[in-house]
Amino acid sequence: MRILALESSCDETAAAVVEDGRRVLSSVVASQVAEHRLYGGVVPEIASRRHCEAVVPVTEQALQEAGLALGEVDGIAVTAAPGLVGALLVGVNFAKGLALAARKPLIPVHHLRAHIAANYIASPGLEPPFLCLVVSGGHSHIIRVDGYTRIHVLGRTRDDAAGEAFDKAARAMGMPYPGGIELDRVAEGGDPGAFRLPKPTVDGSPYDFSFSGLKTAVINLLHNAAQKGVQVSIPDLAASYRQAVVDCLTRNFVHAAEATGARKLVLAGGVSANTLLRRRMQELCRQNGWQLFMPQLSLCGDNAAMVGAQAYFEQQAGHFAGMALNARPTMSIEAGF
Ligand code: KG4
Ligand code: ZN
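The rules behind the values
- Residues numbered from 1 in each chain as written.
- Chains lettered and ligands numbered in written order.
- Predicted model: local features only at pLDDT ≥ 70, side-chain atom pairs only at ≥ 80, totals over all residues.
- Heavy atoms only, no water.
- Pairing = 2+ DSSP bridges.
- Helix = DSSP H or I, 4+ residues; strand = E, 2+ residues; numbered from the N terminus.
- Axes fitted to C-alpha atoms, helices over the stretch in contact; angles between N-to-C directions.
- Domains from an automatic or database assignment.
- Contact = heavy atoms within 4.5 Å.
- Buried area = accessible area lost by both parts, 1.4 Å probe.
- Near = heavy atom within 4 Å.
- Polar contact = N/O pair within 3.5 Å; in protein donor to acceptor, adjacent residues only side chain to side chain.
- Areas by Shrake-Rupley, 256 points an atom, 1.4 Å probe, with all protein chains shown as cover.
- Nonpolar A, V, L, I, M, F, W, Y, C, P; charged D, E, K, R; others polar.
- Donors = N, O, S within 2.8 Å, 3.2 Å for Na, K, Ca; no water.
- Buried < 20%, exposed > 50% of the residue type's maximum accessible area, 1.4 Å probe, protein only.
- Phe/Tyr/Trp six-rings, centres within 6.5 Å; stacked < 30°, edge-to-face > 60°.

**Brief notes about the sheet that holds strand β7 (residues 140-147)**
Pairing is mixed across the open sheet formed by 5 strands, whose spatial order is β8-β7-β6-β9-β10. Both outer strands of the open sheet, β8 (150-156) and β10 (291-293), are each paired with one neighbouring strand and no more. Averaged over all pairs of adjacent strands, the angle between their axes in this sheet comes to 25°, without regard to strand direction. With 4 bridges joining them, strand β6 (residues 130-135) and strand β9 (residues 264-268) adopt parallel strand pairing. Bridging across to β9, Leu-131 finds its partner in Leu-265.

Structure below.
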């Protein structure tokens, strides 16, 4: 089964062809990040306009690289939630048009389920059940994946997502958008013990996260230093901050793994590209005898191959949409379309 998949939930316009949920025949990503960088973050209106421009050539390229005509694919998949609604609508409407014109089934995909599915491509032997840490620009979840489409959220962030926490702190440290990757790079050359930062817990909810206090602590530290004319070592601050965020993520993930008796731990989402998070998880899994799965860096960020992967399992479960499909800015990862 070959699925043509589209992704337009944020600032990447992507199309891919994926066979049987695991084999990528083509994957094309057009990133708008350079333009949004001018404004320090994603400007939704600009994102929608760029998706409109890119969606046709990106889709044509994906089909061409897969060596297929539209009539030869077996289904059209699209990220329909969650994300920027104007951005999502471009992919959703285009996918509906393709499905109608080519008389193909339309398969709606939840963006975070797609991030998890990046691991089915990266590790062809990976099958549920497993425990997954999904960390992206908009979400931080600890999830029990009981089946490909049977998903149970154990913990979530109460305020900022991990990626957002990285981006906002990086911005305060003078780094360009999206700062997470730059902060990660700069942190490699710093001392993680240089600054003592909070590692907030959420009372009574051992699997939930809270990052806003940590982010505020860094912003206050920088303001105080500026007022006193004290120089702050940015590599040291970046290293200390990254350590604190990763400690919070791994602490709760380990609690959940111990409490649920999980054997397989999986990372997903843009923040799963973080060097320290990957290193710490490798150590923890080695110590505890857990099997660790994480996508290669090219599959951590937004792409359409992961959408095509999840779509295969959604259609196997009979999850299709009609022409009434709409984009949704928010949606629980547990709910089906
Ligand atoms: O999953 P993703 O590509 O988009 C969303 O669905 O949100 O995640 C993007 C987020 C951004 O916040 C970005 O700064 C962060 O992932 N990110 C990183 C790294 N690479 C990307 N955060 C920390 N370390 C990285 N190496
Ligand atoms: Zn994403």
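**Observations concerning the domain arrangement of the chain**
As assigned here, the chain comprises domain 1 (2-116 + 299-316) and domain 2 (128-295). A C-alpha centroid distance of 27 Å is found between domain 1 and domain 2. Each partner contributes to the interface: domain 1 provides 20 residues, whereas domain 2 provides 22 residues. Summed over both sides, the interface of domain 1 with domain 2 buries roughly 1,600 Å², with 72% coming from carbon and sulfur. In terms of surface lost to domain 2, no three residues of domain 1 exceed Leu-112, Ile-116 and Cys-300, which account for 39% of the buried area on that side.

**Details of the site of ligand 1**
Taken together, 18 residues sit near ligand 1, with Gly-137, Asp-167, Asp-184, Gly-270 and Asn-274 positioned nearest. Contact between ligand 1 and Asp-302: an oxygen atom at 3.4 Å from a main-chain N or O atom of the residue. Compared with its free state, where it exposes 550 Å², ligand 1 has 86% of that area covered by protein. Elements that contribute at least two residues to the shell around ligand 1 include exactly α4 (111-122), α5 (162-172) and α6 (179-187). Residue classes in the shell around ligand 1 are distributed as 4 nonpolar, 11 polar and 3 charged. Each of domain 1 (2-116 + 299-316) and domain 2 (128-295) contributes no fewer than three residues to the shell around ligand 1.

**Some words on the coordination of the zinc ion (ligand 2)**
The protein atoms that coordinate the zinc ion (ligand 2) are His-111 (NE2), His-115 (NE2) and Asp-302 (OD), at distances of 2.0 to 2.1 Å. When the donor residues of the zinc ion (ligand 2) are listed from N- to C-terminus, their spacing reads H-x3-H-x186-D. Taken together, the residues span a long stretch of sequence, with His-111 in helix α4 and Asp-302 in the loop between α10 (297-300) and α11 (305-316) at a distance of 191 residues. Neither residue differs from the other here; His-111 and Asp-302 are each classed as buried.

**Re the side chain of Ser-210**
Along the polypeptide, Ser-210 turns up in the loop between α6 and α7 (212-228). Among the residues examined, Ser-210 registers a relative accessible area of 16% and is labelled buried. Reaching out from Ser-210, the side chain makes a polar contact with the side chain of Asp-159 at a distance of 2.7 Å. For Ser-210, the residues in contact, after removing those within four places along its chain, are Thr-157, Asp-159, Pro-200 and Val-202.

**A closer look at the packing of aromatic side chains**
Enumeration according to the criterion identifies 7 aromatic pairs in this entry. Between Phe-209 and Phe-211 the ring centres are 5.7 Å apart and the planes differ by 15°, which places this aromatic pair in the stacked class. The exposure classification of Phe-209 matches that of Phe-211, with both residues buried. By the ring-pair criterion, three or more aromatic residues cluster together here, those being Tyr-120, Phe-130, Tyr-148, Tyr-312 and Phe-313.

**Quick look at the pairing of β8**
Every regular strand shows the same layout, with side chains that alternate between the two sheet faces. Note that β7 and β8 share 6 bridges and pair antiparallel. The residue bridging Gly-147 from the neighbouring strand is Arg-150, located in β8. Linking two consecutive strands that pair antiparallel, namely β7 and β8, is a turn of 2 residues.

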